[in-house]
Amino acid sequence: MGYEPLVHQNPLRVLNMGRENNQMGLVMARAGLGKTALLVQIALDAILRGKRVIHISIGESIEKTKSWYDDILQLILQEHSVNRPHELIDMVARHRMIMTFKVAAFSRSRLEERLNDLVLQDIFRPNCMIVDGFDFEHVDREALEDIKNLLENMNMQAWFSATCHREDTRVSPTGVPAPCHEIDDLFDMVILLKPQANADIQLDIIRNYGEQVEGGKSLTLDPTTMMVKER
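Quick caveat: nothing in here was measured; it's all calculated off a predicted structure.

### With respect to the environment of Arg96
Then, number 1: Relative to the assigned elements, Arg96 resides in strand S3 (residues 96-101).
Then, number 2: Take Arg96: its relative accessible area is 13%, and that puts it in the buried class.
Then, number 3: Along the chain, Arg96 and Pro177 lie 81 residues apart, while their C-alpha atoms are 31 Å from each other.
Then, number 4: When residues no more than four places from it in sequence are discounted, the contact partners of Arg96 are Ile47, Val53, Lys66, Tyr69 and Phe124.

If you want it as structure tokens, here you go:
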């Protein structure tokens with residue numbers, strides 16, 4: 001596609017994401033700390049690596065989700081020299097589809113039905129899924145295992161977001177906070193966003209395929225742009 005420099009220069013490379021098609025990742029943070037911004041950057045990285053992304057936005061509009069992509073793409077174009085930037089914007093639009101659900105309407109059966117409609121009608125065949133706004137506080141392990149099974153059957157990787165709360169001190173032995181403390185083993189990678197004294201937001205890599213992050217590099221979100229950067 002000609003966008004290899006954007007892939008190699010992306011700070012997310014240190015996480016070695018995307019090496020297995022059916023991996024599941026989780027981004028956790030308190031409300032307003034940048035979960036959606038990070039998920040969109042993960043989605044854009046997948047697109048630049050040749051994948052097709054279905055972005056499931058639960059409880060939000062298509063327009064609001066699309067605006068996240070537009071804003072972050074503009075920041076990427078400001079930071080990097082890209083020949084024919086409109087071609088990059090068009091390519092992202094072709095390789096990404098946004099699907100919305102009401103909170104109460106999201107389930108494996110409804111998700112599978114809508115995904116199958118896209119695939120069987122040859123409209124869009126995703127191999128990466130972003131699920132933003134999944135209600136982990138009111139889901140049991142069996143339901144999440146059911147969704148993981150669907151991902152494996154469709155040979156897709158997926159990233160979820162989850163909101164944690166300061167007043168809920170429950171945590172798993174590996175450091176994953178509630179409400180995901182009892183299901184953290186279902187995820188291959190878990191990233192916790194933590195605000196720092198200098199206003200940056202640190203990406204705390206709690207689980208990464210059981211491996212250390214290469215070279216001891218530390219990733220943060222810039223609080224102004226919500227872009228990932230190396231510290």
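### Details of the packing of helix H2 (residues 35-48) against helix H3 (residues 62-79)
Two quantities define a packed helix pair, namely the angle between the axes and the distance from one axis to the other.
Then, number 1: Two elements in contact, H2 and H3, have axes whose closest approach is 10 Å; the angle formed by their N-to-C orientations is 65°. Taken together, the axes of H2 and H3 are roughly perpendicular relative to one another. Crossing angle aside, the handedness with which H2 passes H3 is right-handed. Where H2 abuts H3, its residues Thr36, Ala37, Val40, Gln41, Ala43 and Leu44 lie against Trp68, Tyr69, Ile72, Leu73 and Ile76.
Then, number 2: A breakdown of the residues in the contact of H2 with H3 according to their chemical character gives nine nonpolar, two polar and no charged.

### Considerations on the sheet that holds strand S1 (residues 24-29)
Then, number 1: Spatially, the nine strands line up as an open sheet ordered S3-S2-S4-S5-S1-S6-S7-S8-S9, and their pairing is mixed. Each edge of the sheet is formed by a strand with only one pairing partner; in this case those strands are S3 and strand S9 (228-230). Between one strand and the next, the sheet's axes are offset by a mean angle of 25°, whatever the strand orientation.

### As for the pairing of strand S5 (residues 157-163)
Then, number 1: The buried fraction of S5 is high, at six of seven residues.
Then, number 2: Relative to S5, strand S4 (residues 128-132) runs parallel, the two being bridged by four bridges. Paired with Met129 across the bridge in S5 is Ala158.
Then, number 3: In this fold, S4 hands off to helix H6 (residues 141-153), which returns the chain to S5; that crossover is right-handed.

### Regarding the nonpolar core
Then, number 1: Core analysis: the biggest nonpolar cluster contains 42 residues, and Leu38, Leu44, Val53, Leu88, Trp159, Ile191 and Leu193 have the highest contact counts within it.
Then, number 2: Per-element tally for this core: the top contributor is H2, with 10 residues.
Then, number 3: Here Ile191 is in contact with Leu15, Leu26, Val27, Met28, Leu38, Trp159, Leu203, Asp204 and Ile205, once residues within four sequence places are set aside.
Then, number 4: Met28, Phe160, Cys164 and Leu186 belong to the second largest nonpolar core, which has 33 residues in total.

Rules and cut-offs
- Residues numbered from 1 in each chain as written.
- Predicted model: local features only at pLDDT ≥ 70, side-chain atom pairs only at ≥ 80, totals over all residues.
- Heavy atoms only, no water.
- Helix = DSSP H or I, 4+ residues; strand = E, 2+ residues; numbered from the N terminus.
- Buried < 20%, exposed > 50% of the residue type's maximum accessible area, 1.4 Å probe, protein only.
- Contact = heavy atoms within 4.5 Å.
- Axes fitted to C-alpha atoms, helices over the stretch in contact; angles between N-to-C directions.
- Parallel < 35°, antiparallel > 145°, perpendicular 65-115°, else oblique.
- Left-handed = near helix turned anticlockwise from the far one by under 90°.
- Nonpolar A, V, L, I, M, F, W, Y, C, P; charged D, E, K, R; others polar.
- Pairing = 2+ DSSP bridges.
- Right-handed = clockwise from strand over helix to strand, strands pointing away.
- Core = buried A, V, L, I, M, F, W, Y, C linked by side-chain atoms within 4.5 Å.

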